Structure formats: C-alpha cells, structure tokens
Amino acid sequence: MKVLIRKASPEDAAALLKIYAYYVKNTAVTFEYEVPSEEEFRKRISDTLEKYPFVIAETEGVPVGYACAGPFNNGRRAYDWSAELTVYTDKNYQNCGIGKLLYTELEDILSRMGVTNLYACIAVPEEENDQYLDRNSIGFHRHMGYESVGQFHKCGYKFGRWYDVIWAEKIIGNHFSNQPDVVNYNDIKNK
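Remember, predicted model here, so these are calculated numbers, not experimental data.

S.K.: Looking at this structure, I do not really get the packing of aromatic side chains. What am I missing?
M.R.: Inspection of the entire model under this criterion finds 15 aromatic pairs. A ring pair is formed by Y22 and Y23, whose centres lie 5.3 Å apart and whose planes are at 85 degrees; its orientation type is edge-to-face. Residue class for Y22 comes out partly exposed when judged on its relative accessible area of 29%. With relative accessibility at 6%, the residue Y23 sits in the buried group. Ring geometry for Y66 and Y88: centres 5.6 Å apart, planes at 35 degrees, overall tilted.

S.K.: Before we go on, may I ask you to explain the nonpolar core in this structure?
M.R.: Inside soluble globular proteins, nonpolar side chains tend to come together where they are buried. Core analysis: the biggest nonpolar cluster contains 47 residues, and L85, L110 and M113 have the highest contact counts within it. Excluding residues that lie within four positions of it along the chain, L110 makes contacts with Y52, P53, A69, A83, L85, V115, L118 and I172.

S.K.: Just to check I follow, could you spell out the environment of T59 for this structure?
M.R.: Considering the arrangement of structural elements, one finds T59 in strand β2 (residues 54–59). Residues T59 and L4, spaced 55 residues apart in sequence, show a C-alpha to C-alpha distance of 6.4 Å. Excluding its chain neighbours within four sequence positions, the residues that come into contact with T59 are M1, K2, V64 and Y93. Looking at T59, its side chain comes within polar contact range of the main-chain oxygen of K2, at 3.0 Å.

S.K.: Sorry, what's going on with the environment of G99 here?
M.R.: Tracing the backbone through its elements, the reader meets G99 in helix α3 (residues 98–113). C-alpha of G99 to C-alpha of Y66: the two residues are 33 residues apart in sequence and 8.0 Å apart in space. When residues no more than four places from it in sequence are discounted, the contact partners of G99 are V87, T89 and F140.

S.K.: I tried to follow the sheet that holds strand β6 (residues 147–158) on my own but got confused; where do I start?
M.R.: By way of backbone hydrogen bonds, the strands of a sheet pair with one another, either parallel or antiparallel. In spatial order, the strands read β1-β2-β3-β4-β5-β7-β6; together these 7 strands make up an open sheet with mixed pairing. Pairing within the sheet leaves two strands with one partner each, and these edge strands are β1 (4–7) and β6. For this sheet, the mean angle separating the axes of adjacent strands, direction not counted, is 25 degrees. Pairing of strand β5 (residues 117–124) with strand β7 (residues 161–171), which is carried by 8 bridges, proceeds in the antiparallel orientation. Across the sheet, residue V124 finds its bridge partner in β7, namely D164.

S.K.: Got a minute to help me understand unusual backbone geometry in this structure?
M.R.: Of all residues except glycine, most have a negative phi; of all peptide bonds, most are trans. You will see that E60, though not glycine, has its phi angle at about 55 degrees, which is positive. In this structure E60 comes out as exposed when scored by relative accessible area, which is 80%. A positive phi is found at K154, a non-glycine position, where the angle reads about 45 degrees. Take K154: it is sitting in strand β6. Classification of K154 by relative accessible area gives partly exposed; the value is 46%.

S.K.: Help me understand the packing of α3 against helix α4 (residues 136–143), please; the structure alone is not making it clear to me.
M.R.: Two numbers describe a pair of packed helices, the interaxial angle and the distance between the axes. Running from N to C, α3 and α4 point in directions that differ by 50 degrees, and their axes come no closer than 11 Å. When the interaxial angle is binned, α3 and α4 end up oblique. Every pair of crossing elements has a handedness; the one defined by α3 and α4 is right-handed. Each of G99, K100 and Y103 in α3 lies in contact with α4, whose residues at this interface are F140, H141 and H143. Its residues assigned to classes, the contact of α3 with α4 shows 2 nonpolar, 3 polar and 1 charged.

About the cut-offs
- Residues numbered from 1 in each chain as written.
- Predicted model: local features only at pLDDT ≥ 70, side-chain atom pairs only at ≥ 80, totals over all residues.
- Heavy atoms only, no water.
- Phe/Tyr/Trp six-rings, centres within 6.5 Å; stacked < 30°, edge-to-face > 60°.
- Buried < 20%, exposed > 50% of the residue type's maximum accessible area, 1.4 Å probe, protein only.
- Core = buried A, V, L, I, M, F, W, Y, C linked by side-chain atoms within 4.5 Å.
- Contact = heavy atoms within 4.5 Å.
- Helix = DSSP H or I, 4+ residues; strand = E, 2+ residues; numbered from the N terminus.
- Polar contact = N/O pair within 3.5 Å; in protein donor to acceptor, adjacent residues only side chain to side chain.
- Pairing = 2+ DSSP bridges.
- Axes fitted to C-alpha atoms, helices over the stretch in contact; angles between N-to-C directions.
- Parallel < 35°, antiparallel > 145°, perpendicular 65-115°, else oblique.
- Left-handed = near helix turned anticlockwise from the far one by under 90°.
- Nonpolar A, V, L, I, M, F, W, Y, C, P; charged D, E, K, R; others polar.

Shown next as structure tokens:
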C-alpha cells in the first residue's frame, strides 16, 4: 500500500471528520461526546495551521489518517518548546503503520520548528476487556519512544464508565540556558 503524507487544509474537513466521527461515537479514545460539525472541524484545522503542523495520510487519494500538533498547557509562552500531539487513523487502516508515518512526519517538522518536548494524552481503560477502549494507543506511543510521565485516575467519564488518562512524553531536542525561539510552522522550509 502506497501512502502519501501531505499538509492538511480546511478543505479536508469533511473527509477527516468521517475518520474522527467513528472515534467520538464508538470509543473512549476521545472524550468528546458529540461529533463536531464540519464547520467546527474546518475551524480546528485552520486554527492549528496558524502555528502548528496538521498532516494527512492518503492512499489512492483518499485520507486514511491524520495527525496534528498543538500548544501544550494552554499555550503559555514558557511552554512554546512543548507540543501536544494527536493522531487518528481510519478504523479500517489501524495497525497498518499509518500512525507511525504520521507521527514521524510530525516529529520531524516539530524538531525543525525548535520544539523540544512532545506530549500525548492517552485514555486508559480500567478493565482489560473494555468495549470502548483498548490499550493500543499506549503500546503505539511506547513503540514511538514516548514514556509515561503521569496518570490521572478516573478523570474522564464516557459511556457510563470512568477512564484514567496517561500523559506520555518524548524529548526530541536539546535544552539550552539560552533557548532559541520556536519557529512558526508556516515559516519553516519544506513543510
């Protein structure tokens, strides 16, 4: 299967929303209860692209996954060198390496921007056989070099049950006493 990774645009909202809607309606991977409107999703893409990367994986011209970065901890200036990542693959393309391709692309872009720390917020089921959530995301992030740095207990409630959240971290850059500013995604070459 040939996969192309490209920059997303707001015009991709409908196709990407189809991927995301499955997770909202059927899983506790996201704690969002309602599927956002296409207009809201378009705005999310546009808002992200003002500073951060948002990329799509396509096969035969059809989006099969997407990933994006965003500000960590409400975007306060002292956190500029940290970013939170999100990835979703079409339910029919899980475990095909799409997530790895997307995260690898994001990590490369963020490194060129000057970001040093990456974070992922991962929902965790209490039971091994939870019908709405498995532990695949934890395994994926470990495989990608992320380490668990904290766990919040029963902080998310969806489908009538409580879920924990793990924060995972990956360091991709050097930390200096006189740290250079992070470059806006739109200002780096070969995005």
